[in-house]
Amino acid sequence: MDPSSMAQMLTSADRAPLEGLLRTQHNQLSAEKEAYSQIKNKLQALQDAIKGLSENGGLSSQSATFSSEGYATATVKAGAANANYQLYVRQLAKADQYSLALDENWTLPTQGTLDITVDGQTLSLDLSTLDSASGLTGLRDAINKAADNNGVQASLVRSGGQTHLMLTGSKTGASQAMTINLSGGNGEAGFTQLQTAITNKTQLASAQDAVIELGGAGGLQLASSTNNFDGQIDGLNLTVSKAHAQDEFGNYTDAPLSLSVSTDQTAIEESLKGIVDAYNSLVGEVQKHTQSKEGSKAVLAGDSMARGLLGRLRGTLSNPPAGVSLAELGIKTDRYGKLSLDTAAMAKLQQNKPGALEQAFTGENGLLTRLEADVKPYLDRNGTLVQRDRSLQSGLDRITDRQEALDNRMNKVYQRYLGQFTRMQTLAQQMQQTMTMF
């Protein structure tokens, strides 16, 4: 056998045990890294499913529909009961608005006090502090900039050779009625003209509450200082935008507005099914990598992190909020730790306790709220799984370094063997030549 083959054979024999050990370690770490990558992907999918539920309105899959558009809109909140309502919008909320007609060249008086009172609070304007030459523009600006302005907006409108000082309340509702008084003048023309304008003021809008009649004409009256009725009907935020037509006697000329509040049970079930599927997929992935089979050891067998993750999530799911059980929530667990939905139980809870399902899952101490908190430390930028991946990668990098060192050392061993066998071959050839001489 030539020296090169002999050297290669002996070098391979020296290399085999060490290289086999490095290969085994590399394969194990690579398999663990891939397993945790797959677990992380499943955990990310679970987190995305939970976040998606919150971003899409959670489990508040109740909807409010009206028989006619344009009169009102409604938002359904937790605790709303499924029901049908008949209602009329008697009137919308309004703010007081007055028009004071003055000449375009009206001059501010040098004395006098203008008082504008809204809801018991008075804006008191000392006219002597204003520039008399600024006229209506100065008065408008002084009202709008007054430190004690209690919600009065002043503007100027020109029409028919006159300039109208418009005074409008910034808030609606019957309590926001406006009174305007002028006092303390010295008989100046500007004072007299302003007093006349106040006396002859035109009311363009009268402060009033919004009123709806629940149950039809003559039904239960609900009033609001704004066009929003929030909480007067449990779980409903109702906003009116148009009053029903009435004849000269105040009788409605249209049919009442029908409002129906109902639950989209299918939407709720689909929302939860996405989370259940993501959770079960995670459970299956962890079990695949941690549970050994006959003749085959799982790559993460005995790994406490993967098992700890599942244990943490299962602990949360087995501890529902006070006052409700998992069975009532429609959550079932099989012997493998996977979940399934009992849609009949969910529907029953929705019917008997409106809002209870949403509170139990997405409330402050809800199952999904706590589940998301459990997941977060694993998926954060420097979370548990990220750190484990870095640790495994560091292990792989060290094995690569050791492999390179082994290659360098084995190359030197090969060269040593090659030198030895080459010298032996040369010596054997010399001896053979010597023997042929005899």
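In what follows, the structure referred to is the one given above.
Regarding the overall build of the protein
From N to C terminus, the protein includes ten helices and 17 strands. Counting only C-alpha atoms and orienting by the principal axes, one finds that the protein spans roughly 155 × 60 × 35 Å. Counting all 438 residues of the protein, 38% fall into the buried class. For the protein, the share of sequence-separated contacts (at least 6 apart) that also reach a separation of at least 24 residues comes to 70%. Approximately 23500 Å² of the protein is accessible, and the part contributed by carbon and sulfur atoms is 48%. For the protein, the separation between the mean place of its 38 positive charges and that of its 45 negative charges on side chains is 15 Å.

Some words on the packing of aromatic side chains
Enumeration according to the criterion identifies one aromatic pair in this entry. The ring of Tyr98 has Lys201 lying over it, and the distance from NZ or CZ to the ring centre is 5.5 Å. Geometry around Tyr417 places Arg416 over its ring, the cationic atom sitting 5.5 Å from the centre.

Let's talk about the pattern of salt bridges
In a structure, side chains of opposite charge can pair up when their charged atoms sit close to one another. Under the counting rule described, the total for this entry stands at 13 salt bridges. Note that Arg23 is salt-bridged to Glu19, the shortest N-O span being 3.8 Å. Residue Arg23 and its partner Glu19 are located together in helix H1 (residues 3-55), separated by four residues, close to a single helical turn. With a relative accessible area of 46%, Arg23 lands in the partly exposed category.

Considerations on unusual backbone geometry
For Asp119, which is not glycine, the phi dihedral falls at a positive 55 degrees. Looking at the secondary structure, you find Asp119 in the loop between strand E5 (113-118) and strand E6 (121-126).

So, the sheet that holds strand E1 (residues 62-66)
Pairing is antiparallel in the open sheet, where five strands are placed in the order E1-E15-E3-E11-E12. If you trace the sheet from one side to the other, it starts and ends with E1 and strand E12 (220-224), each paired once. Averaged over all pairs of adjacent strands, the angle between their axes in this sheet comes to 30 degrees, without regard to strand direction.

Regarding the packing of helix H9 (residues 367-379) against helix H10 (residues 384-435)
Orientation of H9 relative to H10, taken along the N-to-C sense of each, is 25 degrees, at an axis distance of 4 Å. Of the possible angle classes, the one that applies to H9 and H10 is roughly parallel. When H9 is examined against H10, the residues Pro377, Tyr378 and Leu379 are found in contact with a partner set consisting of Thr384, Leu385 and Val386.

Section: the nonpolar core
Leu43, Leu46, Leu313, Leu329 and Phe361 are the most contacted members of the largest nonpolar core, which has 54 residues in total. Mapped onto this core, the elements with two or more residues apiece are H1, helix H4 (265-290), helix H5 (304-317), helix H6 (326-329), helix H7 (343-352), helix H8 (356-362), H9 and H10. Residues Leu102, Leu114, Val152 and Leu182 belong to the second largest nonpolar core, which totals 28 residues.

With respect to H7
By the burial criterion, the buried members of H7 are Ala345, Met346, Leu349 and Gln350. Viewed along the axis of H7, the buried residues span an arc of 135 degrees, placing them on a single side of the element. Exposed residues pointing more than 90 degrees away from the buried face of H7 are listed as Ala344, Lys348, Gln351 and Asn352. As for H7, its buried residues are in contact with strand E15 (257-263), H4, H6, strand E17 (339-341) and H8.

Quick look at the sheet that holds strand E8 (residues 162-169)
Strand order in the open sheet formed by four strands is E7-E8-E4-E10, and the pairing between neighbours is antiparallel. Looking at the sheet topology across the chains shown, the edges are occupied by strand E7 (152-159) and strand E10 (202-205). Averaged over all pairs of adjacent strands, the angle between their axes in this sheet comes to 30 degrees, without regard to strand direction. Summarising the sheet, strand E4 (residues 97-103) and E8 pair through seven bridges and their orientation is antiparallel.

Some remarks on the environment of Gly216
Residue position: Gly216 is located in the loop between strand E11 (210-214) and E12. Sequence-wise, Gly216 and Asn280 are 64 residues apart; in three dimensions their C-alpha atoms are separated by 51 Å.

Details of the pairing of strand E3 (residues 83-91)
Sheet topology note: the E3/E15 ladder contains five bridges and is antiparallel. What sits directly across from Gln86, in E15, is Ser258. In this structure, E3 lies alongside E11, joined through four bridges in antiparallel fashion. Considered in E11, the bridge of Leu87 is made with Leu214.

A few points about the side chain of Ser224
Residue position: Ser224 is located in strand E12. Accessibility expressed as a relative area gives 10% for Ser224, which makes it buried. Those residues in contact with Ser224, other than ones at most four positions away along the chain, are Ala93, Asp209, Ala210, Phe229 and Gln232.

A closer look at the packing of H4 against H7
For the pair H4 and H7, interaxial distance at closest approach is 11 Å and the crossing angle is 125 degrees. With respect to H7, the element H4 is oriented oblique. Once H4 is placed against H7, the crossing between them reads as right-handed. The segment H4 lies against H7, with Gln265, Ile268, Glu269 and Leu272 engaging Thr343, Met346, Ala347 and Gln350. Here the residues of the contact of H4 with H7 are counted per class, giving four nonpolar, three polar and one charged.

A word on the pairing of E12
Bridging between E11 and E12 involves five bridges; their strand directions are antiparallel. Bridge pairing in E12 places Glu213 opposite Gln221. Joining the antiparallel neighbours E11 and E12 is a turn of five residues, in which Gly215 adopts a positive phi near 100 degrees.

Re H10
Given a rise of 1.5 Å per residue, 52 residues ought to cover 76 Å, and the 76 Å separating the end C-alpha atoms of H10 matches this to within 8%. Looking at H10, one finds that the buried residues are Leu385, Val386, Leu392, Gly395, Leu396, Ile399, Leu406, Met410, Val413, Tyr414, Tyr417 and Phe421.

The rules behind the values
Each chain carries its own residue numbering, running from 1 in the written order of its sequence. Confidence filtering applies because this is a predicted model: local features only for residues at pLDDT of at least 70, side-chain atom pairs given and counted only at 80 or more, and all residues used for totals across whole chains, interfaces and linings. No hydrogens and no water enter the side-chain calculation; it runs on all heavy atoms of the structure. Where helices and strands are cited, they refer to DSSP runs of H or I of at least four residues and of E of at least two residues respectively, numbered from the N terminus. Only protein chains enter the area calculation, which uses a 1.4 Å probe; residues under 20% of their type maximum are buried, those over 50% are exposed, and those in between are partly exposed. Contacts are assigned to residue pairs with any non-hydrogen atoms lying within 4.5 Å of each other. Computed with the Shrake-Rupley method and a 1.4 Å probe, the accessible areas treat only the protein chains shown as cover for residues. The convention is simple: Lys and Arg are positive, Asp and Glu are negative, and His and the chain ends are not counted. The atom standing in for a charge is NZ when the residue is Lys, CZ when it is Arg, CG when it is Asp and CD when it is Glu. Aromatic pairing here means that ring centres of Phe, Tyr or Trp (its six-membered ring) are within 6.5 Å. Orientation follows from the plane angle: under 30 degrees is stacked, over 60 is edge-to-face, and everything else is tilted. In this analysis the charged atom, NZ for Lys or CZ for Arg, is taken to sit over a ring once it is within 6 Å of the ring centre and within 35 degrees of the ring normal. A pair is scored as a salt bridge if a Lys or Arg side-chain nitrogen falls within 4 Å of a carboxyl oxygen belonging to Asp or Glu. Strands pair, by our definition, only if DSSP identifies at least two bridges between them. What counts as an axis is a line fitted to C-alpha atoms, over the stretch in contact for a helix, and the angles between N-to-C directions run from 0 to 180 degrees. Geometric relationships in this document are graded by angle, where less than 35 degrees denotes roughly parallel, more than 145 denotes roughly antiparallel, 65 to 115 denotes roughly perpendicular, and other angles denote oblique. We call a set of buried residues a nonpolar core when its members are Ala, Val, Leu, Ile, Met, Phe, Trp, Tyr or Cys and they connect through side-chain atoms within 4.5 Å of each other. This arc is taken over the directions from the axis of the helix to the C-beta atoms. Working rule for handedness: look at the near helix, and if it is turned counterclockwise from the far one by less than a right angle, call the crossing left-handed; if clockwise, right-handed. Classification used: nonpolar for Ala, Val, Leu, Ile, Met, Phe, Trp, Tyr, Cys and Pro, charged for Asp, Glu, Lys and Arg, polar for all others including Gly. Given the number of residues in a helix, its expected span is that number minus one, multiplied by 1.5 Å.

Just distances and angles here, no functional claims.
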